[in-house]
Structures are given as C-alpha cells and as structure tokens.
Amino acid sequence: MKVVIIDQISKVNYKYTFSLCNQLVNNDVDLILINDQKKDMNECKIDYKQWFNSTEDSNKISKGINYISAWRKVISLIKEKKIDILHVQWFLLSPIDYYFISKAKKLGIKILVTIHDILPFNTKFYDYKYHKKIYQIADSIIVQGEVNKTKLLNLFPDIENLQSKTVYIPHGNFVDYVEEVKKNDARKYLNLPENKVILLFFGQIKKVKGLDVLIKAMKQVCDKRKDVLLVIAGKVWDDNFEVYDKLINENGLTDFIRGDIKYIADQDVKYYFGSSDVVILPYKNVYQSGVVQLAYSYKKPVIATNVGAFKEVVENEISGLLVPPDNVECLSNAILSMINDKEKLDKYGVNGYKIINDKFGWPEIASKVYNIYSLLINKSNQHS
C-alpha cells in the first residue's frame with residue numbers, strides 16, 4: 001500500500017511523526033512524508049519532501065501562498081505515485097486543507113485523519129465549519145484519548161457514521177529520543193542552583209495551559225518552602241508573557257521563577273528535563289500532550305490537571321498527581337505533597353516510565369495504524 005503522511009509542523013511534532021513513520025515501514029508500508037523545513041531529518045528513516053513553510057520570518061501572505069503551493073504538489077504526487085491513502089494530522093488553514101483533501105477524495109484516495117486538537121485553541125471564525133467538513137469526508141479518524149472521542153461526537157453530533165469511523169490510538173512515548181544527563185551536570189549547563197527543588201513548566205506558552213494558575217500556586221508553595229524554583233521553558237504562542245511577568249512581580253516571585261522564554265532547541269531538551277524534579281502541567285483544557293510522554297520518558301513525576309487525555313496517561317498517586325483545572329489551592333497542595341516526599345518523587349517517576357513503556361510503545365501503535373490502512377484498502381477494493 002502507498003501512503004502519504006502530512007505534518008506541516010514537524011519542527012515541534014517530529015517525535016510523534018518520525019516515530020510512527022519509522023515503525024510503519026517495518027509493517028511494509030510504502031510511505032512518503034510531506035513536512036516543513038525541520039533542519040535535522042537524520043532520525044526520519046523514510047522518503048520525505050519538505051514542501052510546507054514553517055519559517056518564522058515569512059509573512060502571512062507568503063505563508064498562505066506556500067501552503068497552497070505545497071498542497072498542489074501533494075495532489076500531483078498522489079496522481080503520479082498512485083497513492084492509496086492520504087494521512088493528515090493538522091489543519092493550519094482549514095478552508096485550504098478541506099479544499100485539497102476533498103480533491104484527493106475525488107481522486108479515489110482514502111482519507112485518514114489523526115486528531116491532535118479537535119479544534120485549534122486559537123479557533124478562527126471558519127474553523128468549526130471546515131473541520132466539520134474534513135471530519136465528514138474522512139474515511140477514518142484517530143483520536144489520542146478515549147475522552148476525545150466523546151468530545152468529538154459532542155462537538156459534531158450530526159456527522160454521519162462519526163462514531164463507527166473514529167478509533168482511539170494513544171500518543172506514543174518518546175523513550176527513543178531520551179538522552180539522559182545527570183541532574184548536577186544538567187543544572188550546571190543551564191546555570192541552575194544545585195540545592196533547590198526545580199519544577200518544570202515546558203513547552204509552548206498558551207493561555208489554555210494555565211501558567212497563570214501555576215504562578216499563583218507558586219506564591220502559596222514559596223510561603224512554605226524557600227528552596228523551590230520554577231523554570232518556565234518555552235516559546236509564547238498566541239499569548240502575551242507580560243501578563244505572567246506582572247503576576248510574578250505582584251506575588252513577589254522574581255527569586256523563585258526563572259523564565260527561559262524562547263524556542264528550546266532539541267539539543268537542550270535533555271538539560272531541562274534532566275535538571276528538574278517535577279514536571280507541572282496545569283492545563284485548563286487539552287486534547288493530549290506530548291510533554292507528559294516526554295516527562296515520563298525522562299523518569300520525571302508529573303503533576304497535571306485531570307482534563308483531556310491526561311487522565312489516561314497519568315495514574316493518580318502511582319505515577320503522579322491529578323488536580324482539578326484552574327484550582328490554585330489544589331495545585332499548590334499537590335506540589336507541596338510531592339516535593340515534601342523524596343521517596344514519592346523517585347517512585348512516581350520510575351512508575352511513569354514503566355507505564356509508558358508498557359502501554360504506549362510505538363510498535364503496537366504503528367500496528368494499530370497499519371490495521372486501519374489495511375481496512376481502508378480492503379474497503380476500497382470491495383467498491384472497485
């Protein structure tokens with residue numbers, strides 16, 4: 001079978017996409033990846049074409065022109081290579097995505113959609129309409145959390161056969177990408193104190209991720225423990241960090257919070273996780289998150305809100321702690337409970353690593369995706 005997988009943001013999504021693609025070729029899939037200008041492609045073991053533009057210095061008009069041009073190349077490739085399945089993950093400009101996906105569909109191509117976000121958190125006025133259209137014409141849909149299947153059905157109750165064509169396949173782990181660094185070495189590299197408990201908030205900074213709640217919780221934590229440092233590591237996305245700076249200053253937390261507000265290069269990820277004691281995910285809403293998989297891959301315990309697929313990855317009081325979203329007191333209590341018990345810290349991190357190895361391995365995930373490919377091909381043959 002011949003499959004095209006599209007990942008327009010592999011600069012941030014590559015661990016997922018590369019892991020899946022590298023396993024799928026072991027299942028005898030003739031696979032081509034269409035992605036963006038991610039510089040280091042060494043870990044991608046399949047044929048790829050970097051047609052989508054994700055460079056930050058491009059303006060909206062040139063990005064839009066490139067987006068259309070890249071999709072046109074995809075359609076030409078589908079015709080030239082006689083592709084059987086188009087597997088899409090993101091809809092960055094959903095009207096354009098729908099237009100070209102529908103063109104592929106008219107060519108007789110089967111459409112598989114992997115949903116990372118059912119709707120974007122920075123939803124444009126047209127997104128609901130065109131996401132619905134895409135989900136309608138998709139032959140099969142993968143969600144990465146059981147709870148997300150329910151959310152999808154509730155958001156789009158009138159899409160025909162939506163329940164029967166939607167399959168839960170979890171987000172895989174990132175164990176293969178881990179480079180372990182000793183805690184002291186990691187802290188020296190980042191110029192972090194060796195004698196403090198370090199909490200890590202990692203990843204893109206968005207309003208929906210609840211950083212404001214975490215900062216307020218830090219005030220309560222630091223009233224009881226003076227040896228705690230929160231490291232915020234990530235780039236701002238559709239948000240304004242000045243809001244968080246103001247909160248930090250108002251709460252007298254400048255000595256207890258360090259902000260590395262920038263894109264974290266791949267080679268530095270290991271130092272942030274290696275230096276941390278606990279990873280905090282105070283999200284107000286989420287469909288799934290690769291950060292929790294990354295934390296457990298580094299054997300770090302997690303404190304997360306009980307939203308989205310977190311509830312399916314974080315096992316409360318086994319691999320971490322789950323708290324209600326938007327609840328400062330519960331979050332601060334959870335942080336104190338965790339950092340006041342060194343044995344708990346170590347145990348939860350080891351348990352998390354074991355859980356993601358057992359439940360979220362890529363060979364099994366790729367096998368399930370391959371089974372969907374096979375079903376779609378069989379259905380296509382039956383109707384031909």
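Presented here is a report on the structure given in the accompanying data block. (Residues numbered from 1 in each chain as written. Predicted model: local features only at pLDDT ≥ 70, side-chain atom pairs only at ≥ 80, totals over all residues. Heavy atoms only, no water.)

## Brief notes about the nonpolar core
Going by this rule: Here, the term nonpolar core denotes a set of buried Ala, Val, Leu, Ile, Met, Phe, Trp, Tyr and Cys residues that are joined through side-chain atoms within 4.5 Å. Burial here depends on accessible area, computed with a 1.4 Å probe over protein chains only, as a share of the maximum for the residue type. Under 20% is buried, over 50% is exposed, and the range in between is partly exposed. In this description a helix means any DSSP run of H or I spanning at least four residues, a strand means any run of E spanning at least two, and both kinds are numbered starting from the N terminus. Whether two residues are in contact is decided by their heavy atoms, any of which lying within 4.5 Å being enough.
Ranked by size, the top nonpolar core spans 38 residues in total, and within it Trp71, Leu86 and Tyr135 carry the most contacts. With 7 residues, the top contributor of residues to this core is helix H2 (residues 60–81). Those residues in contact with Leu86 that lie beyond four places of it in its chain are Val4, Ile6, Trp71, Val74, Ile78, Ile101, Ala104, Ile109, Lys110, Ile111 and Leu112. Counting 36 residues, the second-largest nonpolar core is a separate cluster that includes Val178, Leu192, Tyr296 and Ala304.

## What about the layout of surface pockets?
Our working definition: Using a 1 Å grid laid over the protein atoms alone, points where a 1.4 Å probe fits but cannot get out form a cavity; open sets with protein on both sides within 12 Å along at least 5 of 7 lines form a pocket; any residue with an atom within 4 Å of a point counts as lining. Grid points are joined across faces, edges and corners, and a volume is the space filled by probe spheres set on the points. By the convention adopted, Pro, Cys, Tyr, Trp, Phe, Met, Ile, Leu, Val and Ala count as nonpolar, Lys, Arg, Asp and Glu as charged, and the other residues, Gly among them, as polar.
Estimated volume of the second largest pocket: approximately 300 Å³. It is helix H14 (residues 342–359) that contributes the most residues to the lining of the second largest pocket, 4 residues altogether. Here the lining of the second largest pocket is built from residues that sort into 5 nonpolar, 2 polar and 7 charged.

## Digging into the pairing of strand E11 (residues 278–281)
For the record, the criterion: If DSSP finds at least two bridges between two strands, the strands pair. Consider the strands pointing away from the viewer: the crossover is right-handed when the path from the first strand over the helix to the second runs clockwise.
Burial along E11 is two-sided: Val278 and Ile280 and Val279 and Leu281, pointing in opposite directions, are all buried. Across 2 bridges, the pairing between strand E8 (residues 197–202) and E11 is parallel. Counterpart to Leu200 in the pairing with E11 is Val279. Judged from the 3 bridges that link them, E11 and strand E12 (residues 302–305) form a sheet pairing that is parallel. The residue of E12 that forms the bridge with Leu281 is Ala304. Note on the crossover from E11 through helix H11 (residues 290–297) to E12: the handedness is right-handed.

## Describing the packing of H2 against helix H3 (residues 94–106)
Note the following rule: Each axis is a line fitted through C-alpha atoms, and for a helix only the stretch in contact is used; angles between axes span 0 to 180 degrees, taken between their N-to-C directions. Here roughly perpendicular refers to angles of 65 to 115 degrees, roughly parallel to angles under 35, roughly antiparallel to angles over 145, and oblique to all remaining angles.
Following both chains from N to C, one finds H2 and H3 inclined at 10°, their axes separated by 10 Å at the closest point. When the axis of H2 is compared with that of H3, the two are roughly parallel. Where H2 abuts H3, its residues Tyr67, Ile68, Trp71, Arg72, Ile75 and Ile78 lie against Ile96, Asp97, Phe100, Ile101, Lys103 and Ala104. Among the residues making up the contact of H2 with H3, the classes are represented as 9 nonpolar, no polar and 3 charged.

## Topic: the packing of aromatic side chains
The condition is simple: Whether two aromatic rings pair depends on their centres lying within 6.5 Å, for rings of Phe, Tyr and Trp, where Trp uses its six-membered ring; planes under 30 degrees apart make the pair stacked, over 60 edge-to-face, and the rest tilted. Lysine and arginine charges are scored as sitting over a ring when NZ or CZ, respectively, is within 6 Å of the ring centre and within 35 degrees of the ring normal.
This structure, assessed with the given rule, holds 18 aromatic pairs. With a centroid separation of 5.3 Å and an interplanar angle of 10°, the aromatic rings of Phe273 and Tyr298 are classed as stacked. Taken together, the residues Phe273 in helix H10 (residues 266–275) and Tyr298 in the loop between H11 and E12 connect sequence positions 25 residues apart. For Phe273, a relative accessible area of 0% puts it in the buried group. Seen in terms of ring centroids, Tyr283 and Phe310 are 5.3 Å apart; in terms of plane orientation they differ by 55°. Their pairing is tilted. Of this pair, Tyr283 sits in the loop between E11 and H11 while Phe310 sits in helix H12 (residues 310–313); the two residues are 27 residues apart in sequence, bridging distant segments of the chain. Overall, Tyr283 belongs to the buried group, its relative accessible area being 3%. The class for Phe310 is buried, based on a relative accessible area of 1%. Ring-pair connections join several aromatic residues into one group, and the members of that group are Phe52, Tyr67, Trp71, Tyr99 and Phe100. Seen from the ring of Tyr177, Lys15 lies directly overhead, with NZ or CZ sitting 6.0 Å from the centre. A cation sits over an aromatic face here: Lys206 above Trp237, 4.4 Å from the ring centre.

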